[in-house]
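Overview (structure and organization)
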Amino acid sequence: MSHRDQHGPHDDGGAVPAVVADPFRGGWADTRTRLPPLSGAACAAKRRSALSERFPGERIVVPSGGLKVRSNDFDYTFRPHSAFVHLTAEQGTRAVPDSVLVLEPTGSGHSAILFTRPRSPRDGGPDGAEFHSDRRHGEFWTGRRRTLAETEQALGVEAAARDGLERALTGDVPTRVVRGEDPLVDALVPPSPGAEAELMTFLAESRLVKDEWEIDQLRAAVGATVAGFHDVAGELPHAMRLARGERWIEGTFNRRARLEGHGLGFETIAAAGAHACVLHWMRNDGPVREGDLLLLDAGVEVDSFYTGDVTRTLPAGGRFTDVQRRVHDLVFAAQSAGIAALRPGARYGDFHAAAMRVIAEGLDSWGLRPAGRTAPDSGSGSGSFPDPDLYRRYTVCGSGHMLGLDCHDCAGVRGGTYMDGVLEAGHVLTVEPGLYFQPDDLTVPEELRGIGVRIEDDFVITADGALSLSAGLPRGADETEAWMASL
C-alpha cells in the first residue's frame, strides 16, 4: 500500500504548492470516449416515470450515499443505496460516491438530473489538484471516473457536477428525500418524517414485482452463487485439514463472488458442526471436521447489485450419518411442501405455513413436544399456522423472504403488500426452512444436539407456479451425496 505521507486521514486535497503541482500540468492525452447505454437504463427510466407520476409537483431527492471509513484513512468498498440503483441502473465499480438523483417537477412531470463527481480535471483549474492530491476521489489514487457526458450516455439521464447540488435544492418546492444517506442533502432539506416515510414505502413497494431485466440479473446472480457452491464442495477435503477450515470455505466462495460479480450480497455464513445452530454465524473461525455438517449460506451480488441467496447443508466427509440424514430429510420435506405452495394468488404466508406444518408434525413424531403439546391436525386449512410452541425452540425464524437488490428485499413495504399480501408473477423469493438443535439443549436427545440444517433456494413466481433459479444444486440427501462423490 502506498505511503501516505504528511497528510491527515481523508485529506480531500485542494491547493498544493506549485512545486508539487507543476509536474502534473499538461501532456495528457484526450481519453474521452462514447459509452453505450447500460443494459438496465431503459428499465430505470420507466421506474423514474412511475415515481414522477406518484408524486406530481414535488421534488424527489435520492442520494447514492457516500464512502464509509473502515479504519483511519481507508474506506469500505462503496455500495450505493438500493433505491438509487433501482432508479439509475448504475453498476458495480462505476458507481460514484456522493451522487444524488434529483427529480425536479415540471409542468408535465419531472426532469431528472444526476449530480455526481465528474472525472478528475487535468487543466489546472479550481479542482485541478484533485487528480493527484485527493486521496479519496482523485483519479491518481482511486481510478478513473466517467466524464459527465459519459455518465449521460451510460445512464440515459442528464448529469451535472456535484457542486451544483446546493443551488438545485433551493427554492420553495415541496421536497421529499431519502434521508440519512447524504449530509449535505439532510442539511439543505428540512425534515418531513411523514412525507419521507411515504416516499420510502413507495420506493420499496416499486421493487416487489421484478421486470424481465431484473429477473435476468437475479438469474445471473443465482447462477454465480451456484458456481460458488460447486467450488466449495470441491475444496472441502482441503478445508478439513486446516485449523480454521471455515475461513477456507468462506474465501473459496468469496473468490467466486469477486470474480463474477461486485462481491457478496451479504457476509458468507460458513458454519461447521454446532456453529450451524447459529443463524447468522459469520465469524467463520472454526475447523471443519470429519463427521461435521457444513451449513453454507451465501450469495453473489453481480455488478448490477442484484444478489442470490442459497443455503446447503453438506456432510463434510461426503456422507450423512443416520441422525444427520433424519434431520436433513425432515427439512427437505418441509422445504418441498413450502415450494409446492408457491403460486400467483397464494397468500405470502402459505409457503411458511406449509413448511412449518411438516416441521411440527415431524418433531411430534420424534416425541419432541415442548410443554406436552401435540402437532396440529394435518387436515387443517391451507395457510393456517401450527402452534408455534411446537417448533419455535428449534426453528426460530421465518421460512423465506423477498430477494432482489437487497438480500432481504423490499423490507420497507406495508404489511398488506408483503407479509400479509399475495404472491404475484414477478415476485422473487427464497424458501429456507431449517432445524437447529443447540448443543446444550437438554430437551432433545443427545444425538441431535449440535445439529443444524437449512436448505434454501431462490424462486421467481410465474403465471402458473414458480421457477427455481437455483436448480443447479441438488437438494435431497441422496443427490447431495452423489454430487459430492462426483467432485
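Up top you'll find the structure we're talking about.
Quick caveat, the model's predicted, so the values are computed rather than measured. (Residues numbered from 1 in each chain as written. Predicted model: local features only at pLDDT ≥ 70, side-chain atom pairs only at ≥ 80, totals over all residues. Heavy atoms only, no water.)

The next subject is the sheet that holds strand S13 (residues 428-431). Taken together, the 3 strands give an open sheet; going across it, the order is S13-S16-S17, and neighbouring strands pair in antiparallel fashion. Edge positions in the open sheet fall to S13 and strand S17 (466-468), since each of these has one partner strand only. Mean inter-strand twist for the sheet, computed between neighbouring axes without regard to direction, equals 35 degrees. Relative to strand S16 (residues 457-461), S13 runs antiparallel, the two sharing 4 bridges. The partner of Leu-429 across the bridge, within S16, is Phe-459. (Pairing = 2+ DSSP bridges. Helix = DSSP H or I, 4+ residues; strand = E, 2+ residues; numbered from the N terminus. Axes fitted to C-alpha atoms, helices over the stretch in contact; angles between N-to-C directions.)

Our next topic: the nonpolar core. Residues Phe-229, Leu-236, Ile-249 and Leu-296 are the most contacted members of the largest nonpolar core, which totals 40 residues. Looking at this core element by element, the count peaks at 12 residues for helix H10 (residues 212-239). If sequence neighbours within four positions are ignored, Leu-236 has contacts with Ile-249, Val-288, Leu-294, Leu-314, Ala-316 and Met-484. Leu-293, Val-327, Ala-360 and Ile-451 belong to the second largest nonpolar core, which has 23 residues in total. (Core = buried A, V, L, I, M, F, W, Y, C linked by side-chain atoms within 4.5 Å. Buried < 20%, exposed > 50% of the residue type's maximum accessible area, 1.4 Å probe, protein only. Contact = heavy atoms within 4.5 Å.)

The phi dihedral of Asn-284 is positive, around 50 degrees, even though this residue is not glycine. Tracing the backbone through its elements, the reader meets Asn-284 in the loop between strand S9 (269-272) and strand S10 (293-298). Accessibility expressed as a relative area gives 0% for Asn-284, which makes it buried. The backbone of Phe-305 sits at a positive phi, close to 80 degrees, despite the residue not being glycine.

What follows deals with the side chain of Glu-205. Here Glu-205 shows up in helix H9 (residues 193-205). Residue Glu-205 is classed as buried on the basis of its relative accessible area of 19%. Apart from residues lying up to four places away in sequence, Glu-205 is in contact with Val-413, Arg-414 and Thr-417.

Looking now at helix H13 (residues 350-365). The end-to-end C-alpha separation of H13 is 23 Å, in line with the 22 Å expected for 16 residues at 1.5 Å each. Within H13, 13 of the 16 residues are buried, which leaves the element mostly enclosed by the surrounding structure. A positive phi of about 85 degrees marks Gly-367, the residue just after H13. (Expected span 1.5 Å × (residues − 1).)

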